[in-house]
There are 2 protein chains.
Amino acid sequence: MAGTVSPLAPARFPDLPPVRGVRFAAAEAGVRYKGRTDVMLAVMEEATVAGTFTRSATRSAPVRDCEAKLPLAEGGPAAFLVNSGNSNAFTGRRGEAAVAGLCAAASGLLGIPGGRIFTASTGVIGEPLPWERIAAVPPTLRDRLGPDIEGAARAIMTTDTFPKGAGAVVDLPGGTVHIAGIAKGSGMIAPDMATMLVYVWTDARIARAPLQTLVSAACARTFNRITVDGDTSTSDTLLVAATGASGVDAAGEPAFAAALEAVFRDLALQVVRDGEGASKLIEVQVTGAASEADAARVAFAIANSPLVKTACAGEDANWGRIVMAVGKSGARADRDRLAIRFGDLWVARDGERVPDYSEAAASAYMKRQELVLGVDLGLGEGQATVWTCDLTHGYIAINADYRS
Amino acid sequence: MAGTVSPLAPARFPDLPPVRGVRFAAAEAGVRYKGRTDVMLAVMEEATVAGTFTRSATRSAPVRDCEAKLPLAEGGPAAFLVNSGNSNAFTGRRGEAAVAGLCAAASGLLGIPGGRIFTASTGVIGEPLPWERIAAVPPTLRDRLGPDIEGAARAIMTTDTFPKGAGAVVDLPGGTVHIAGIAKGSGMIAPDMATMLVYVWTDARIARAPLQTLVSAACARTFNRITVDGDTSTSDTLLVAATGASGVDAAGEPAFAAALEAVFRDLALQVVRDGEGASKLIEVQVTGAASEADAARVAFAIANSPLVKTACAGEDANWGRIVMAVGKSGARADRDRLAIRFGDLWVARDGERVPDYSEAAASAYMKRQELVLGVDLGLGEGQATVWTCDLTHGYIAINADYRS
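The shown structure was predicted, so the numbers you read here are calculated from the model rather than taken from an experiment.

Calculation rules
- Residues numbered from 1 in each chain as written.
- Chains lettered and ligands numbered in written order.
- Predicted model: local features only at pLDDT ≥ 70, side-chain atom pairs only at ≥ 80, totals over all residues.
- Heavy atoms only, no water.
- Helix = DSSP H or I, 4+ residues; strand = E, 2+ residues; numbered from the N terminus.
- Buried < 20%, exposed > 50% of the residue type's maximum accessible area, 1.4 Å probe, protein only.
- Contact = heavy atoms within 4.5 Å.
- Pairing = 2+ DSSP bridges.
- Axes fitted to C-alpha atoms, helices over the stretch in contact; angles between N-to-C directions.
- Buried area = accessible area lost by both parts, 1.4 Å probe.
- Salt bridge = Lys/Arg side-chain N within 4 Å of Asp/Glu carboxyl O.
- Nonpolar A, V, L, I, M, F, W, Y, C, P; charged D, E, K, R; others polar.
- Domains from an automatic or database assignment.
- Least-squares fit on C-alpha atoms with pLDDT ≥ 70 in both.
- Core = buried A, V, L, I, M, F, W, Y, C linked by side-chain atoms within 4.5 Å.
- Polar contact = N/O pair within 3.5 Å; in protein donor to acceptor, adjacent residues only side chain to side chain.
- Phe/Tyr/Trp six-rings, centres within 6.5 Å; stacked < 30°, edge-to-face > 60°.
- Parallel < 35°, antiparallel > 145°, perpendicular 65-115°, else oblique.
- Left-handed = near helix turned anticlockwise from the far one by under 90°.

**Q** Where do I start with the overall build of chain A in this structure?
**A** A count of helices and strands for chain A gives 12 helices and 15 strands. Structurally, chain A occupies a C-alpha span of about 70 × 50 × 35 Å along its principal axes. Put simply, chain A has 404 residues, and 64% of those count as buried. The long-range fraction of contacts in chain A, counting pairs at least 24 apart against all pairs at least 6 apart in sequence, stands at 82%.

Below, the structure written as C-alpha cells:
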C-alpha cells in the first residue's frame with residue numbers, strides 16, 4: 001500500500017506554531033522498516049506532563065512504564081522517545097527490561113533522569129524489541145535536535161499514509177501561548193484510547209493536576225469518540241507536555257481548554273481520515289437518548305457495524321442497517337419514537353420510513369465523501385457524536401497482508 | 001454473487017428423517033426475488049411450540065407477534081408461515097397490520113386459529129411488506145403440502161448460498177423419535193440470536209415448559225455462540241414444534257436433549273459456514289477464565305475482531321492480534337499467565353512468545369480451511385467456545401452492494 005495516500009488526507013502537513021521549550025529529532029534505527037526514520041525524540045528542558053493510556057488488559061511494557069511515571073511528572077526536564085515497527089507488547093519480562101534499557105541509555109546521554117523519559121513503541125505485537133538498535137541512535141538524535149515537528153510525526157508512522165499534525169495559537173490574559181501536536185494511527189483504533197500515539201506540546205504554564213483534568217475531559221470527547229475497526233491497541237498513549245516557557249498561566253482559562261480540545265479533535269479526525277482503507281469520513285450524531293452513555297452506546301454500535309460501514313462504502317442508503325445497530329446496542333430505544341437522517345435529509349421518523357421518502361435523494365447524499373448519520377431516539381437529552389470511516393476492500397487488503 | 005456457493009458448504013442437503021405430524025410447502029409470491037420460491041408454510045395438525053427470539057430493541061413486527069403467542073402454544077394445530085425478501089421490520093404500525101392480515105388469511109384457509117399461526121419475515125428492513133402478495137399464495141401452498149423440507153429450507157434463503165438442514169433419529173425408552181430442522185442466515189449474525197431463522201420439528205411428545213427449557217439451554221451453547229459480523233438482526237427467530245405424533249415421551253430424556261442440541265449445533269455451524277464471504281471456519285476455544293461469562297467475552301472479542309478475522313483470511317499467523325482482542329475484551333486477564341495456540345501448536349505462553357516459536361509451523365497451520373484459535377487465561381475454570389468465519393473481500397463485495 002506504500003505510496004497510496006488516503007483520499008481523505010489533508011492537502012499537506014499544517015504549519016504549526018513553534019512551541020518554546022521543546023526540540024525534536026528523528027533517526028533511522030532499522031527496527032523493522034528500511035529507508036525511513038523509525039525513532040523520534042522530543043526533549044523538554046522543563047515540563048509538566050499529563051496523559052491517558054489504553055485500558056487494554058494486555059497493554060504494553062512502555063505503557064505500564066509511562067503510567068507509573070506520570071504522577072511524578074511535574075517540573076524538571078523530560079523526554080519522549082518513540083519507535084515504530086515493533087510495539088514491545090506481549091514481550092513478557094524482556095519487554096520491561098527493554099524499556100529500562102532504553103530509558104537508561106537516553107538518560108545517560110541527555111542528562112535527564114530515567115524516571116522522566118517516557119517511551120512508546122508501535123508496530124508488531126509479540127516480537128522481542130531489538131532495543132539495543134534504538135539505544136544506539138540517541139547520539140545522532142541529540143545532534144539533530146531542532147524545530148522539525150513534521151519529521152517527528154513521520155518517524156512514528158506505521159500503516160499511516162500521511163503524518164498528522166495540528167496546532168493553535170491562543171491569546172490569554174497573560175499573553176500568547178502555543179499548542180502543537182502530532183499523532184499516528186490508522187488501524188486497531190477504538191477507545192479507550194482511540195489513537196495509538198499522540199504527543200502534544202504547549203508553552204503555557206500549568207500544573208499537572210489541572211492539566212490532567214483538561215486532558216482527560218478533552219480526550220473523552222475526541223480520541224475516545226473515534227473508531228476505525230472497534231479494535232483497541234495494547235499501546236495507545238497520549239501525552240501532553242506543558243513547558244511553561246511562555247511564562248503565561250493557562251490554568252482555569254476556557255480559551256486554553258477549548259484550543260487544546262480543538263487540537264485533539266483535529267488530530268483524532270486525521271486518524272479517522274487515515275483509517276485503513278477509508279474512502280469516506282462518517283460522523284454519527286445521536287440525540288434524544290435516555291443518557292449520554294446510552295447515546296454513546298448507540299453511536300458506537302452504528303460506527304462499528306460492519307454492515308453500516310460497508311453500506312457507506314457502497315454508497316447504499318441502507319438506513320435499515322442503522323435501525324439494526326440501534327436495536328443491538330443495548331441502549332433504551334422505542335421503535336415508534338426513532339428517527340433517522342442522512343445529513344439534513346430525514347429518512348425515517350416515528351418508527352417507519354417517512355411518507356415522502358426519496359431513494360434518489362438518499363442515494364445522492366451517500367455519494368458525498370463526508371457523511372453525517374443522524375439518529376434521534378426521542379427519549380431524553382443524552383447525546384454523543386462519534387467519528388468513523390467506511391469499511392472497504394482496502395481494509396481487507398491492508399490487514400490480510402500486513403503483520404501489525 | 002448468485003451461483004457462488006460457499007467453499008465451506010456441505011456437499012449436499014442432508015437426508016433428513018421424516019417427522020410425523022408436519023407437512024411443508026413453498027411457493028413464489030414475488031415479494032422481492034424473481035424466479036425462486038420466497039414463501040414457506042409448515043402445518044402441524046397438533047403441536048407444542050417453544051422458541052427464542054432476537055433481543056434487539058428494534059425487533060420486527062412478526063417477532064413481537066410470535067413472542068406474544070408462544071406462551072399459549074401448547075397442543076392443537078399450528079402453522080409456520082415465512083417469507084423472504086422483506087423483513088417487515090421498522091415498518092411501524094403498518095407492519096403489525098401486515099402480520100395480522102397474513103395470520104387472518106392463513107387462518108381462514110387452513111382452519112387454524114390465528115393465535116397459532118407463527119409468521120416470520122426476512123430480508124430488507126424498513127420497506128412496507130407487500131403482504132397481500134403473500135396472503136394470495138396460501139391456496140397454492142395448501143395444495144402442495146407434503147414432505148419436502150429441503151424446498152422449505154430453500155424458500156427462506158436470502159444471501160444464503162446453500163439451504164441448511166440437520167436431523168437426528170433418537171431411540172428413547174418409549175420408542176424412536178425424529179428431529180429435523182432448517183435454518184437460514186449468513187450475515188447480520190450475532191447473538192442474541194445468532195441465526196436469523198431456524199425451524200425444528202420433532203415427533204416426540206413433550207410439554208411446552210420442559211421443551212422451552214431444553215430449547216433455551218441448547219440455544220445458549222449453539223446459536224448464541226456464533227458470530228459472522230457482530231451484527232444482530234431485528235428478525236431472528238427460532239421455533240421448535242413437537243407434534244407428539246410418535247407417541248413417545250421425550251421430557252427428561254438426556255438422549256433427546258443431546259440430539260436436539262446436536263441438531264442446533266449442526267445448523268448453527270452451517271450458518272457460519274455460509275457467513276458472507278467466508279473462506280475459513282474458525283473455532284475460538286477459551287479456557288482458564290475467571291468465569292464462563294468472561295470466557296465468552298474473550299471468545300467473542302476474538303471472533304468479532306476485524307483484525308483477527310482479516311489475519312485468518314490472509315493466512316497470517318498474527319497471534320499478536322489475539323493478544324489485542326483479549327486485552328480489549330473487558331474480561332479479567334493477566335499477561336503473564338496468558339497462553340495462545342493454533343490448534344495444538346502453542347505460540348505464546350506465560351505472557352510471551354514460546355522459546356521454540358516457529359513462524360513456518362504457525363503459517364502452515366493457518367493455511368487450513370478450519371482453524372482452532374485457543375486461548376488459556378490461566379485464571380480459573382471458565383470456558384466457552386465460539387464459532388465464526390474470516391473477513392474477506394467477499395464480505396465487502398456482498399455488503400457494499402446488497403440491500404439487506
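**Q** Help me out: how do you make sense of the pairing of strand 14 (residues 370–376) of chain A in this one?
**A** Within a regular beta strand, the side chains point alternately toward one face of the sheet and then the other, so they alternate between its two faces. Residues and elements named next belong to chain A. Of all 7 residues in strand 14, 5 are buried; the element is thus mostly enclosed. Pairing between strand 10 (residues 281–289) and strand 14: 7 bridges, direction parallel. Bridging from a neighbouring strand, Ile 282 pairs with Leu 371 of strand 14.

**Q** Is there a simple way to explain the sheet that holds strand 14 (residues 370–376) of chain B in this structure?
**A** Strands in a sheet are paired, the pairing made by backbone hydrogen bonds, and the direction either parallel or antiparallel. All names here are of chain B. Ordered by their spatial adjacency, 6 strands build an open sheet running 13-12-11-14-10-15, and the pairing between neighbours is mixed. Among the strands making up the open sheet, the edge pair consists of strand 13 (352–353) and strand 15 (382–389). Bridging between strand 10 (residues 281–289) and strand 15 involves 7 bridges; their strand directions are antiparallel. Paired with Ala 289 across the bridge in strand 15 is Gly 382. Packing of helix 8 (residues 292–304) onto the sheet brings it into contact with strand 10, strand 14 and strand 15, and relative to strand 15 it is tilted by some 20 degrees.

**Q** Any chance you could explain the interface of chain A and chain B here in plain terms?
**A** One widely used convention gives an interface's size as the accessible area the parts lose upon coming together. Contacts between the two partners involve 61 residues from chain A and, on the opposite side, 60 residues from chain B. Summed over both sides, the interface of chain A with chain B buries roughly 5200 Å², with 54% coming from carbon and sulfur. Applying the counting rule to chain A against chain B returns 8 salt bridges. Class assignment for the residues of the side of chain A that touches chain B results in 23 nonpolar, 20 polar and 18 charged.

**Q** I would appreciate a short explanation of the domain arrangement of chain A in the present structure.
**A** Residue and element names in this part refer to chain A. The domain architecture assigned to chain A consists of domain 1 (22–273) and domain 2 (281–401). Between the C-alpha centres of domain 1 and domain 2 there is a distance of 33 Å. Contact residues are listed per partner, giving 14 residues for domain 1 and 16 residues for domain 2. For the pairing of domain 1 and domain 2, the buried interface totals around 1200 Å² over both sides, and the portion due to carbon and sulfur atoms is 62%. Linking domain 1 with domain 2 are 2 salt bridges. Residue Arg 273 pairs with Glu 370 through a salt bridge whose shortest N-O separation is 2.8 Å. For the side of domain 1 that touches domain 2, the element with the highest residue contribution is helix 7 (residues 254–273), accounting for 4 residues. Across the side of domain 1 that touches domain 2, the residue classes tally to 5 nonpolar, 4 polar and 5 charged.

**Q** What should I look at first to understand the relation of the copies chain A and chain B in this one?
**A** Superposing the two chain copies requires a rotation about an axis and a translation along that axis. For the pair chain A and chain B, the superposition axis carries a translation of 0.0 Å, the fit reaches an RMSD of 0.0 Å, and the rotation angle comes to 180 degrees. One copy is carried onto the other by what is essentially a two-fold rotation axis. Among all C-alpha atoms of chain A, that of His393(A) lies closest to the rotation axis, at 2.9 Å. Residue by residue, 98% of the interface of chain A is reproduced at the interface of chain B, so both copies engage with the same surface.

**Q** What exactly am I supposed to notice about the nonpolar core here?
**A** Nonpolar side chains tend to gather and get buried jointly when the protein is soluble and globular. Ranked by size, the top nonpolar core spans 93 residues in total, and within it Ile302(A), Phe342(A), Ile302(B) and Phe342(B) carry the most contacts. Ile302(B) has contacts with Val284(B), Val308(B), Ile322(B), Ala325(B), Val326(B), Leu373(B) and Val375(B), leaving out every residue within four places of it along the chain.

**Q** I would appreciate a short explanation of helix 9 (residues 306–313) of chain A in the present structure.
**A** Residues separated by three or four positions in an α-helix point in the same direction, a consequence of the helix having 3.6 residues per turn. All names here are of chain A. In terms of burial, helix 9 is largely enclosed, as 7 of its 8 residues are buried. Among all positions in helix 9, only Pro 306, Leu 307, Val 308, Lys 309, Thr 310, Ala 311 and Cys 312 are buried. Positive backbone phi, approximately 55 degrees, marks Glu 315, located one or two places after helix 9.

**Q** What is the right way to read the side chain of Ser121(A) from this model?
**A** Residue and element names in this part refer to chain A. Relative to the helices and strands, Ser 121 is located in strand 5 (residues 117–124). Assessed through its relative accessible area of 3%, Ser 121 is described here as buried. Among the polar contacts made by the side chain of Ser 121, one reaches the side chain of Asn 83 at a distance of 2.6 Å. Every residue in contact with Ser 121, bar those within four places of it in the chain, is listed here: Pro 62, Asn 83, Asn 86, Ser 87, Asn 88, Leu 129 and Ser 235.

**Q** Explain the pattern of salt bridges to me, please; I cannot follow it from the model alone.
**A** Throughout the structure, instances matching the rule amount to 46 salt bridges over all chains. Between Arg335(A) and Asp336(A) there is a salt bridge whose closest N-O contact spans 2.9 Å. The salt bridge involving Glu292(B) is made with Arg225(B); its shortest N-O contact spans 3.2 Å. Placement of Glu292(B) in helix 8 and of Arg225(B) in the loop between helix 6 (208–221) and strand 9 (237–242) is noted, with a sequence separation of 67 residues between them.

**Q** Looking at this structure, how should I read the packing of aromatic side chains?
**A** Where two aromatic rings form a pair, the distance of their centres and the angle of their planes describe that pair. All names here are of chain B. Under the counting rule described, the total for this entry stands at 18 aromatic pairs over all chains. Summarising the aromatic geometry, the rings of Phe 80 and Tyr 199 are spaced 5.1 Å apart at their centres and angled 40 degrees between planes, so their arrangement reads as tilted. You can see Phe 80 sitting in strand 4 (residues 78–86) and its partner Tyr 199 sitting in strand 8 (residues 197–202), a full 119 residues away along the chain. Tyr 199 carries the same exposure label as Phe 80, and that label is buried. Measuring from ring centre to ring centre gives 5.9 Å for Phe 80 and Trp 201, while their planes differ by 40 degrees; the resulting arrangement is tilted.

**Q** Can you help me understand the packing of helix 9 of chain A against helix 10 (residues 320–328) of chain A in this one?
**A** Each pair of packed helices gets described by two things: the angle between the helix axes and the distance between those axes. Residues and elements named next belong to chain A. The N-to-C vectors of helix 9 and helix 10 enclose an angle of 160 degrees; their axes lie 9 Å apart at closest approach. Judged by the angle between their axes, helix 9 and helix 10 are roughly antiparallel. In the packing of helix 9 onto helix 10, the handedness of the crossing is left-handed. Facing helix 9, whose interface residues are Leu 307, Val 308, Thr 310 and Ala 311, helix 10 presents Arg 321, Ile 322, Met 324 and Ala 325. A class-by-class count of the residues in the contact of helix 9 with helix 10 yields 6 nonpolar, 1 polar and 1 charged.

**Q** How should the packing of helix 1 (residues 61–69) of chain A against helix 2 (residues 92–110) of chain A be read in this particular structure?
**A** Residue and element names in this part refer to chain A. It is at 8 Å that the axes of helix 1 and helix 2 come closest, and there the two elements cross at 60 degrees. Judged by the angle between their axes, helix 1 and helix 2 are oblique. As for how helix 1 packs across helix 2, the hand of that crossing is right-handed. Listed contacts from helix 2 to Ala 61, Pro 62, Asp 65 and Lys 69 of helix 1 are Gly 95, Glu 96, Val 99 and Cys 103. Across the contact of helix 1 with helix 2, the residue classes break down as 4 nonpolar, 1 polar and 3 charged.

**Q** Would you mind going over the environment of Val272(B) with me for this structure?
**A** Residue and element names in this part refer to chain B. As for its placement among the helices and strands, Val 272 is situated in helix 7 (residues 254–273). Judged by relative accessible area, Val 272 falls into the buried class, the value being 0%. For the pair Val 272 and Ser 107, spaced 165 residues apart in the sequence, the C-alpha separation amounts to 35 Å.

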